[in-house]
Amino acid sequence: LTLTEKRMVKIGRAQCRSISPFLLTHHHHHHVYVLSSSSYDITRRFYTTTTTVDPKEVEKFTKLSKTWWDREGPMKALHHMNPVRLQYIRDQLSVKLEIPQNRLKPYEGLRMLDIGCGAGLVTEPIARMGGDVVGIDATPSNIHVAVAHHMSSSSDSEQSRLVYRNVSAEELVSENKSTNGVKNKYEVITCLEVVEHVSDISSLLSSCSSLSSPGGSLFISTINKTIASKWFALFAAENIFHLASPGTHDYEKLVTPSDLKQQLSSAGYDVVHLSGLLYNPITGRWWLSSSTHMNYILHAVLCRPPPSNVV
């Protein structure tokens, strides 16, 4: 086992003393490492030859993984952003699915997938709101932190509704291809602050459409590719206000709303709502705005069959 996999075993053994027995399996011929319990499946699988995962990004977030739940650390801005993006998702789904605003568990009965979940900043609240959620991330240490935090802070019923996996979206697509019978499809997919970190956005969106139920919702939030965002959302945020570690974002990987809409359309999605996101680093307040020149969030719906190459 590699050092990462040994750490995976160590985490599993530590958790099983207080939660439930874990099972570690090692299949040489498939190169599959699985650490699982009734509620969690931490995996590192190699099913596909192509990937949207950028190894440099995995290395970057491995170094940051222990800071995810530090509200004053490098993820501070994400903690500030969380209430706004969670409310946006709830408002959009309430309109689309006619969910009463006062319902305590608005996502009850919904199958949801959180791509690039990190340590679960969005995944956990979605599970608390009743969703049956799978959170996936390409960085093993992110999943380790997510599992540990969720086990220590959630009820048994919330734990049973949430599964974390160390896989990429395209690996889930490959699993569906290799599985006879019912495929894993999701009515809601979230992909928040992710597209600016992948190597191929169009491939990621194709995977999303393949994993989505017909008419399913996809939520994406990211940084716009503008001169303003280059200086304020990247340079100032990382080097002056220290809202993120230097080098967290690469300007060349950013995507404009118009380009993202075009790629979404090619994957079978129609954008039904788009909003800007603005941030005051002094007060730590995020809010929705008509201006998309910095950050933006959108809701897209799968209106056409996914491309044949990912079905």
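Read on for a plain summary of the structure. (Residues numbered from 1 in each chain as written. Predicted model: local features only at pLDDT ≥ 70, side-chain atom pairs only at ≥ 80, totals over all residues. Heavy atoms only, no water.)

1. Thoughts on the pattern of salt bridges
Where we set the bar: For salt bridges, the criterion is a side-chain nitrogen of Lys or Arg within 4 Å of an Asp or Glu carboxyl oxygen. Secondary structure follows DSSP: runs of H or I at least 4 residues long count as helices, runs of E at least 2 residues long count as strands, and numbering of each begins at the N terminus.
In the structure shown here, the tally under the stated rule is six salt bridges. Here Arg 304 ties to Asp 270 by a salt bridge, and the two come within 3.0 Å at their closest N and O atoms. With Arg 304 in the segment after β11 (295–302) and Asp 270 in strand β9 (residues 269–280), the pair connects residues that are 34 residues apart, well separated along the chain.

2. Section: the environment of Leu 218
Condition: It only takes one pair of heavy atoms within 4.5 Å for two residues to be counted as in contact.
Tracing the sequence through the fold places Leu 218 in strand β8 (residues 212–223). Expressed as a C-alpha distance, the spacing of Leu 218 and Ile 189, which sit 29 residues apart in the sequence, is 4.8 Å. In this structure, Leu 218 is in contact with Ile 189, Cys 191, Leu 205, Cys 208, Leu 264, Tyr 269, Leu 298, His 299 and Ala 300, ignoring residues within four places of it in sequence.

3. Quick notes on a nonpolar patch on the surface
To keep it simple, the criterion reads: Here the term patch refers to residues with relative accessible area over 30% and no salt bridge, with like charges joined within 9 Å and nonpolar side chains (Val, Leu, Ile, Met, Phe, Trp, Tyr) within 5 Å. For accessible areas, the Shrake-Rupley method is used with a probe of radius 1.4 Å. Any residue's cover is judged against the shown protein chains and nothing else.
Together, Ile 227, Trp 231 and Phe 232 give the surface a local cluster of nonpolar side chains, amounting to about 390 Å² of exposed area. One can find Trp 231 in helix α9 (residues 227–239).

4. Comments concerning the packing of helix α7 (residues 169–178) against helix α8 (residues 201–211)
For the record, the criterion: Angular values range over 0 to 180 degrees, each being the angle between N-to-C directions of two axes fitted as lines to C-alpha atoms, with helices fitted over their stretch in contact. Orientation is classified from the angle alone, with under 35 degrees giving roughly parallel, over 145 giving roughly antiparallel, 65 to 115 giving roughly perpendicular, and any other angle giving oblique. For any pair of crossing helices, the crossing counts as left-handed if the nearer helix is rotated counterclockwise from the farther one by less than a right angle, and right-handed if it is rotated clockwise. Put simply, Ala, Val, Leu, Ile, Met, Phe, Trp, Tyr, Cys and Pro go in the nonpolar bin, Asp, Glu, Lys and Arg in the charged bin, and everything else, Gly too, in the polar bin.
The contact between α7 and α8 brings their axes to 9 Å, and the two run at 40 degrees. Accordingly, the angle class assigned to the pair α7 and α8 is oblique. The handedness of the crossing between α7 and α8 is left-handed. Between α7 and α8, the residues in contact are Ala 169, Glu 170, Leu 172, Val 173 and Asn 176 and Leu 204, Ser 207, Ser 210 and Leu 211, respectively. Residue classes in the contact of α7 with α8 are distributed as five nonpolar, three polar and one charged.

5. So, the nonpolar core
Just so we agree on the cut-off: Nine residue types can take part in a nonpolar core, namely buried Ala, Val, Leu, Ile, Met, Phe, Trp, Tyr and Cys, and a core is a set of them joined through side-chain atoms within 4.5 Å. Accessible area is worked out with a 1.4 Å probe on protein chains only. A residue is then buried under 20% of its type maximum, exposed over 50%, and partly exposed in between.
In this structure, Leu 93, Tyr 107, Met 112, Ile 126, Tyr 164 and Phe 219 are the most contacted members of the largest nonpolar core, which totals 34 residues. Listed by contribution, the elements that provide at least two residues to this core are α3 (76–97), α4 (123–128), α5 (140–153), β6 (162–165), β7 (186–192) and β9. Per-element accounting of this core gives the leading share, eight residues, to α3. Residues Ile 115, Val 167, Leu 218 and Tyr 269 belong to the second largest nonpolar core, which totals 30 residues.

6. Quick word on the environment of Val 301
Following the sequence through the fold, Val 301 ends up in strand β11. Classification of Val 301 by relative accessible area gives buried; the value is 12%. Distance from Val 301 to Glu 187, taken between C-alpha atoms, is 9.8 Å for residues 114 residues apart in sequence. Once residues within four sequence positions are removed from consideration, Val 301 is found in contact with Lys 96, Gly 215, Gly 216, Ser 217, Gly 268, Tyr 269, Asp 270 and Val 272.

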